[in-house]
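Coordinate inspection notes
Spelled out from the first residue to the last, the chains are:
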Amino acid sequence: MEYYIELVINGLLIGALYSMVALGFVLIYKASDILNFAQGEFVMFAGYVVAFVILTESSGIFAALGFPGAGLPIIVAIPVALIVMVGVGYAVEYSLLRHLVGQPVHAVIIATLGLAFFLRGVAQALFGVESRNVPLPINQDPLFVGDLLLNRTELIAGVICGLVFLGVGWFFMKSRSGIALRAIADDTTVSMGMGISVRKYFGIAWAIAGIVALIGAVFWGNASGVDIQLALIGLKVFPVVILGGLDSILGAIIAGLIVGLAESLAAGFLDPLVGGGTKDLTPYVLMILVLMFRPYGLFGKPIIERV
């Protein structure tokens, strides 16, 4: 029984990290109706920035120019990376996405895919191709709660993710900027007519997406390292986005927990029977089932158009 409870707890904690990355997708879509296929690259880039500030050795362009890594503690690295990712979010919105408002959906998709490859290339050029680690000052000794074996890092990540979810929920429900973003999501034209600076709030949405990408990067970088493959986390959480609904923050949170739990249970029950592989397959099976019966997701808003 303890083993099964551990599977559930660990699945929910991993699911919270999935929700964190999925939150970036939802924030951009809610604000601008743009599905950002470069969100995984945002996570990767943030991870590289944190690793560069923490570590003492450098590579890529910085090494060629003779700049070592900063070698600063994580408590300093995170605020530095936060400033960088807010700047990246604003730069992307200002230089690219604001020019695509009102354009056909395929143009926006191609633009964000191009942005994804651009960020990969820039990250490799600036920071090199070596895999890097994001060490966290967390005791890695086993944590036993009764007979349950838990992961300290995942527990702390789950708590931080929960606080971020509460903060984002408050932001959208109570703050002036959040209410403006909700109005823009409902009707951009009317919002502009009411005097809301749509471009300003688009920039805020992209900046927030950079912040949540940073939080995901810290914990995913600690768990699996930072390299170009970290960008694949965007595809990993795509079933979460579809399952919860593209425009639902609550849906992203709950769907992340569902997918994390499903993966953990599949790894614990099905993988030993079939030799492995069901953990990676399960999220996409859930996504296909949801698309068959609720194309707009479990918590997404159905779109009804007159023909």
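Scroll up for the structure.
Only a predicted model underlies this, so the values are computations on that prediction, with no experimental measurement involved.

Let us look at the environment of L7. As for its placement among the helices and strands, L7 is situated in helix α1 (residues 2–32). Placed 141 residues apart in sequence, L7 and L148 show a C-alpha to C-alpha distance of 10 Å.

Mapped onto the fold, D227 is located in the loop between α9 (198–224) and α10 (233–236). In this structure, D227 is buried with no salt-bridge partner, the nearest side chain bearing the opposite charge being R120 at 9.6 Å. Within the structure, the side chain of D227 is placed 2.9 Å from the backbone nitrogen of Q229, a separation counted as a polar contact. For D227, the contacting residues outside a window of four places in its chain are M44, Y48 and S131.

On to the environment of P79, then. With respect to the element layout, P79 can be found in helix α4 (residues 74–95). On the accessibility criterion, P79 (39% relative accessible area) is partly exposed. Along the backbone, P79 and L214 are 135 residues apart, and their C-alpha atoms lie at a distance of 10.0 Å.

Conventions and cut-offs
- Residues numbered from 1 in each chain as written.
- Predicted model: local features only at pLDDT ≥ 70, side-chain atom pairs only at ≥ 80, totals over all residues.
- Heavy atoms only, no water.
- Helix = DSSP H or I, 4+ residues; strand = E, 2+ residues; numbered from the N terminus.
- Buried < 20%, exposed > 50% of the residue type's maximum accessible area, 1.4 Å probe, protein only.
- Lys, Arg positive; Asp, Glu negative; His and termini not counted.
- Salt bridge = Lys/Arg side-chain N within 4 Å of Asp/Glu carboxyl O.
- Polar contact = N/O pair within 3.5 Å; in protein donor to acceptor, adjacent residues only side chain to side chain.
- Contact = heavy atoms within 4.5 Å.

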